[in-house]
Amino acid sequence: MPTQADFDDANLLLSRLRSPAAILPDDLVDMLTVAEDAIARLRGEARVLEFRLQARSLIEVGLEVFGWAIGIIGFLAAAIDVFVIHGELGLFGLIDLASAWLGLILGACMRQRAEWNTEECRYDLMDVRTLLDAYREIIDRINNRLSP
Amino acid sequence: MRPAATWRRARVVDPCLASRPCVLRWIAMEDRIQPVDRTPTRRLNPVLWSSAAVTLVWVVVIVTDELGLLPLGRLPILSLPFLAALVAAGVAMIVWQDRQVTLELLNQAQHEIKRTDLLAERVAAARQRLCMAHRDDFGSSTRFAG
């Protein structure tokens, strides 16, 4: 994900291009090369983000679905135990309720993890967008310097 | 030996490698771009965990009542199917909400990928213009003024 060094590079390029000082053509070519490398890197970052948002690991999804399923089935099983089979909450009913609640906690933990992952992706995406805006300005300024 | 690209980058990004931190300090704070402030990180979802706590209390009430420690009669145990339905509805809502957020972020990521493609095209066009201008001025000491 974008690092402080990426932001420093963009800041230095922007500060050089924003100042009215003249810039050698060779330097402009090199600036374009730097911008090109950075944009290619940002494209890679955005691709990684797209992948992270699309695909959670099979274990994470499996554990979450398993947790929620155990939770709901556990409560239903306890209800069936009480209303259909025994007429009261026996030992099995207690086990059903305990496992249901533990299942819910497992599901909630995995959901929380997924939300943190989404939140990290959101921040990374904001960084990528900020850097892309900066490089758009850099390219605009290089183009302005090239205009007669 | 450092590759040519590294030297090129060093020359334009770090006019003088040792002075890089000084140059960064000169750039006014309002002119700088900064990474997003990520504090506080990893906050717990209040809805998720308060729901888990309420469910735990509900289960404890059912069990204590069934053990005869609470004078609530059959009321708590009768609410068991309702509890299961509530949990199922809550789970469905949380998952649907997260799916919406994820899809929105996914669209944004795809939009940024398209933007990088457009920017890469603009860089290529600028390079072409620069090369042509450079070729015209070859041998002279022309500067590109700001």
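See above for the structure.
No experiment lies behind these values; they were computed from the predicted model shown. (Residues numbered from 1 in each chain as written. Chains lettered and ligands numbered in written order. Predicted model: local features only at pLDDT ≥ 70, side-chain atom pairs only at ≥ 80, totals over all residues.)

Draft legend 1. Examining the overall build of chain A more closely. Across its full length, chain A holds four helices and zero strands. Across chain A, helices and strands are ordered from the amino to the carboxyl terminus as α-α-α-α. In terms of C-alpha radius of gyration, chain A reaches 27 Å, well past the compact-globule figure of 15 Å for 148 residues. Along the longest, intermediate and shortest principal axes, the C-alpha atoms of chain A span 90 × 20 × 20 Å. (Helix = DSSP H or I, 4+ residues; strand = E, 2+ residues; numbered from the N terminus. Rg over C-alpha atoms; globule rule 2.2 N^0.38 Å.)

Draft legend 2. Region of the structure containing the overall build of chain B. Secondary structure summary: chain B contains five helices and zero strands in total. Starting at the N terminus and ending at the C terminus, chain B contains elements arranged as α-α-α-α-α. Residues classed as buried in chain B amount to 18% of the 146 residues present. (Buried ≥ 20, exposed ≤ 12 C-beta atoms within 10 Å, placed from the backbone.)

Draft legend 3. The arrangement of the interface of chain A and chain B in detail. Of the residues lining the interface, 77 residues belong to chain A; the matching set on chain B comes to 64 residues. The set of elements that each furnish at least two residues to the side of chain A that touches chain B consists of helix H1 (4-18), helix H2 (25-54), helix H3 (58-85) and helix H4 (91-146) of chain A. If one sorts the elements of the side of chain A that touches chain B by residue count, H4 of chain A sits on top with 31 residues. (Contact = placed C-beta atoms within 7 Å.)

Draft legend 4. Structural detail: the nonpolar core. Residues Leu32, Ala35, Tyr135, Ile138, Ile139 and Ile142 of chain A are the most contacted members of the largest nonpolar core, which totals 31 residues. Those elements that place two or more of their residues in this core are H1, H2 and H4 of chain A together with helix H5 (80-136) of chain B. Per element, the largest residue contribution to this core is 11 residues, and it comes from H2 of chain A. By size, the runner-up hydrophobic cluster in this structure holds 25 residues, among which are Ile72, Phe75 and Ala79 of chain A together with Ile77 of chain B. (Core = buried A, V, L, I, M, F, W, Y, C linked by C-beta atoms within 7 Å.)

Draft legend 5. Main features of the packing of H1 of chain A against H2 of chain A. All names here are of chain A. For the pair H1 and H2, interaxial distance at closest approach is 12 Å and the crossing angle is 150 degrees. Considered as vectors, H1 and H2 are oriented roughly antiparallel to each other. Between H1 and H2 the crossing geometry is left-handed. Mapping the contact onto sequence places Asp6, Asp9 and Leu13 in H1 and Met31, Val34 and Ala38 in H2. (Axes fitted to C-alpha atoms, helices over the stretch in contact; angles between N-to-C directions. Parallel < 35°, antiparallel > 145°, perpendicular 65-115°, else oblique. Left-handed = near helix turned anticlockwise from the far one by under 90°.)

Draft legend 6. Inspection of the environment of asparagine 117 of chain A at higher detail. Tracing the backbone through its elements, the reader meets asparagine 117 of chain A in helix H4. Through-space distance from the C-alpha of asparagine 117 of chain A to that of valine 128 of chain A is 16 Å; in sequence the pair is 11 residues apart.

Draft legend 7. Spatial organisation of the environment of tryptophan 49 of chain B. Within the element layout of this structure, tryptophan 49 of chain B appears in helix H3 (residues 46-66). Excluding its chain neighbours within four sequence positions, the residues that come into contact with tryptophan 49 of chain B are Ala108 of chain A together with Leu44 of chain B.

Draft legend 8. Seen up close, the packing of H4 of chain A against H3 of chain B. At their nearest, the axes of H4 of chain A and H3 of chain B sit 10 Å apart, and the two run at 175 degrees to each other. Relative to H3 of chain B, the element H4 of chain A lies roughly antiparallel. In this structure, H4 of chain A uses Leu94, Leu97, Trp101, Leu104, Ile105, Ala108, Arg111 and Gln112 of chain A to contact H3 of chain B, whose residues at the interface are Leu48, Trp49, Ala52, Thr55, Leu56, Val59, Ile62 and Val63 of chain B. Grouping the amino acids of the contact of H4 of chain A with H3 of chain B by side-chain chemistry returns 13 nonpolar, two polar and one charged. (Nonpolar A, V, L, I, M, F, W, Y, C, P; charged D, E, K, R; others polar.)

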